[in-house]
Amino acid sequence: MPPAPKVAFIDFLDAIERVDPASGEVRVCVGLDGGKESAFRVATFDRPGAWMKDAKLDHWFAEPVLYVKVLDVRTIHAAVHVMAAELGGYWLRYYRTAPGAPSKIGVGMAAVDRVEGGCGVAEAVLKDGREFSILSATPRWWKTELERRGMPFYFGPMVLFMKKIDAPHAKRAVKRMADVDELLFCRYDTPRKTLPEILDAFQAAKPR
């Protein structure tokens, strides 16, 4: 594993002092020693529901997001330094992913599995036979669960948000993913894992 990169700077691309720390979002640019940079969105736990509402959709997906309980400089700096230290800076590279292109293959099938309350796994199969397992949750479950666990922040495998964890919602969501960017399937793919398992592992690996 490569040594952990050192964070050279954290620049806020939006005026954080103008954003509600309890419900808001900003973009940041993280510079590392050696000249590499990673820019991504930081948002409070409740934002997926707002994004779905603003887009007038029953699902939401996008580039990786660093989620924080409180949108303030201290929490963001703490999270970014943990991102840099973990797995040789893997997560900062993961959050630096570039957009791809719409799928020329298309979705053949979509279903849900391991549904528990407001979370589950969306199973997507492209028409060429490739299969993907996508962590899914309702916005309400996501916010409530992260707060229940007392998590100050979360970064890691991406989550597909849906109004309801069922096959019709999954079908609409993954079809739109294919229409937007086929690489999203690879970025969202988290085989053989459920969201509670991911959150358990995340918490176990972080100092309390």
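Before any of the text, the structure's been laid out above.
Residues numbered from 1 in each chain as written. Predicted model: local features only at pLDDT ≥ 70, side-chain atom pairs only at ≥ 80, totals over all residues. Heavy atoms only, no water.

Q: Residues and numbers for the overall build of the protein, please.
A: A count of helices and strands for the protein gives 7 helices and 10 strands. Radius of gyration (C-alpha) of the protein: 17 Å, near the 17 Å computed for a compact globule of 208 residues. Within the protein, the proportion of its 208 residues that are buried is 50%. A sequence separation of at least 24 residues applies to 64% of the contacts in the protein between residues at least 6 apart. As displayed, the protein offers around 10300 Å² of accessible surface, 54% of which is attributable to carbon and sulfur atoms. Computed over 31 positive and 27 negative side-chain charges, the inter-centroid distance for the protein is 1 Å. (Helix = DSSP H or I, 4+ residues; strand = E, 2+ residues; numbered from the N terminus. Rg over C-alpha atoms; globule rule 2.2 N^0.38 Å. Buried < 20%, exposed > 50% of the residue type's maximum accessible area, 1.4 Å probe, protein only. Contact = heavy atoms within 4.5 Å. Areas by Shrake-Rupley, 256 points an atom, 1.4 Å probe, with all protein chains shown as cover. Lys, Arg positive; Asp, Glu negative; His and termini not counted. Charge placed at Lys NZ, Arg CZ, Asp CG, Glu CD.)

Q: Help me get a handle on the packing of helix H4 (residues 139–148) against helix H7 (residues 195–205), residues and values and all.
A: The geometry of H4 relative to H7 is characterised by a closest axis approach of 12 Å and an angle of 30 degrees between their N-to-C directions. The orientation of H4 with respect to H7, classified from their angle, is roughly parallel. Our pair here, H4 against H7, has a crossing hand that is right-handed. Mapping the contact onto sequence places Trp141, Trp142, Glu145 and Leu146 in H4 and Leu195, Pro196 and Leu199 in H7. A breakdown of the residues in the contact of H4 with H7 according to their chemical character gives 6 nonpolar, no polar and 1 charged. (Axes fitted to C-alpha atoms, helices over the stretch in contact; angles between N-to-C directions. Parallel < 35°, antiparallel > 145°, perpendicular 65-115°, else oblique. Left-handed = near helix turned anticlockwise from the far one by under 90°. Nonpolar A, V, L, I, M, F, W, Y, C, P; charged D, E, K, R; others polar.)

Q: Explain the side chain of Glu145 to me, using residue names and the numbers behind them.
A: Among the secondary structure elements, Glu145 is positioned in helix H4. A distance of 2.7 Å separates the side chain of Glu145 from the side chain of Arg148, its partner in a polar contact. (Polar contact = N/O pair within 3.5 Å; in protein donor to acceptor, adjacent residues only side chain to side chain.)

Q: Report on empty space enclosed by the protein, specifying residues and quantitative values.
A: Evaluation of the coordinates by the stated rule reveals 1 cavity of 30 Å³ or more. If you trace the largest cavity, you find 14 residues lining it, with Pro64, Val65, Tyr67, Met158 and Val159 closest to the centre. (1 Å grid on protein atoms, 1.4 Å probe; cavity = no way out; pocket = protein on both sides within 12 Å on 5 of 7 lines; lining within 4 Å. Points joined across faces, edges and corners; volume = space filled by probe spheres on them.)

Q: Can you explain the packing of aromatic side chains? Please cite residues and give values.
A: If you walk through the whole model with that rule in mind, you get 18 aromatic pairs. Geometrically, the ring pair formed by Tyr90 and Tyr94 is tilted, given 5.9 Å between the ring centres and 35 degrees between the ring planes. Remark: Tyr94 and Tyr90 occur in helix H3 (residues 90–94); sequence separation between them is 4 residues, near one turn of the helix. Taking the relative accessible area as the measure of exposure, Tyr90 reaches 34% and is therefore partly exposed. Taking NZ or CZ as reference, Arg41 lies 4.6 Å from the ring centre of Trp51, over its face. (Phe/Tyr/Trp six-rings, centres within 6.5 Å; stacked < 30°, edge-to-face > 60°. Lys NZ or Arg CZ within 6 Å of the ring centre and 35° of its normal.)

Q: Quick one: what's the story with the side chain of Thr75, residue by residue and with numbers?
A: Tracing the sequence through the fold places Thr75 in helix H2 (residues 73–85). Assessed through its relative accessible area of 16%, Thr75 is described here as buried. Side-chain polar atoms of Thr75 contact the side chain of Asp72, separated by 2.6 Å. Leave out the neighbours within four places in its chain, and Thr75 touches Val68, Val70, Pro152 and Phe153.

Q: Lay out the pairing of strand E8 (residues 131–137) with the relevant residues and their values.
A: Each regular strand shows side chains that alternate between the opposite faces of the sheet. Burial within E8 is extensive, with 6 of its 7 residues counted as buried. Relative to E8, strand E7 (residues 119–126) is paired through 7 bridges, and the arrangement is antiparallel. Residue Val125 lies in a different strand from E8, and its bridge partner there is Glu131. The antiparallel pairing of E7 with E8 creates a hairpin that spans 4 residues between the two strands, and Gly129 there sits at a positive phi of about 95 degrees. In the sheet, E8 pairs with strand E10 (residues 160–162) via 2 bridges, with the strands oriented parallel. The partner of Ser136 across the bridge, within E10, is Leu160. (Pairing = 2+ DSSP bridges.)

Q: Tell me about the nonpolar core, and name the residues and values.
A: Formed by 65 residues in total, the largest nonpolar core has its most connected members in Phe40, Leu66, Phe185 and Leu195. Once you skip the residues sitting within four places of it in the chain, Phe40 turns out to touch Val26, Arg27, Val28, Val30, Pro64, Leu66, Val80, Met83, Leu92 and Tyr95. (Core = buried A, V, L, I, M, F, W, Y, C linked by side-chain atoms within 4.5 Å.)

Q: Help me get a handle on the sheet that holds strand E3 (residues 37–44), residues and values and all.
A: Read across the open sheet, the 5 strands follow the order E1-E2-E3-E5-E9; overall the sheet is mixed. Looking at the sheet topology across the chains shown, the edges are occupied by strand E1 (7–12) and strand E9 (153–154). Sheet analysis places E1 next to strand E2 (residues 25–32), joined by 5 bridges and oriented antiparallel. Bridge assignment links Asp11 to a residue of E2, and that residue is Cys29. Strand contacts of H2: E1, E2, E3, strand E5 (65–68) and E9, with the helix running at about 140 degrees to E1, the strand carrying the most contacts.

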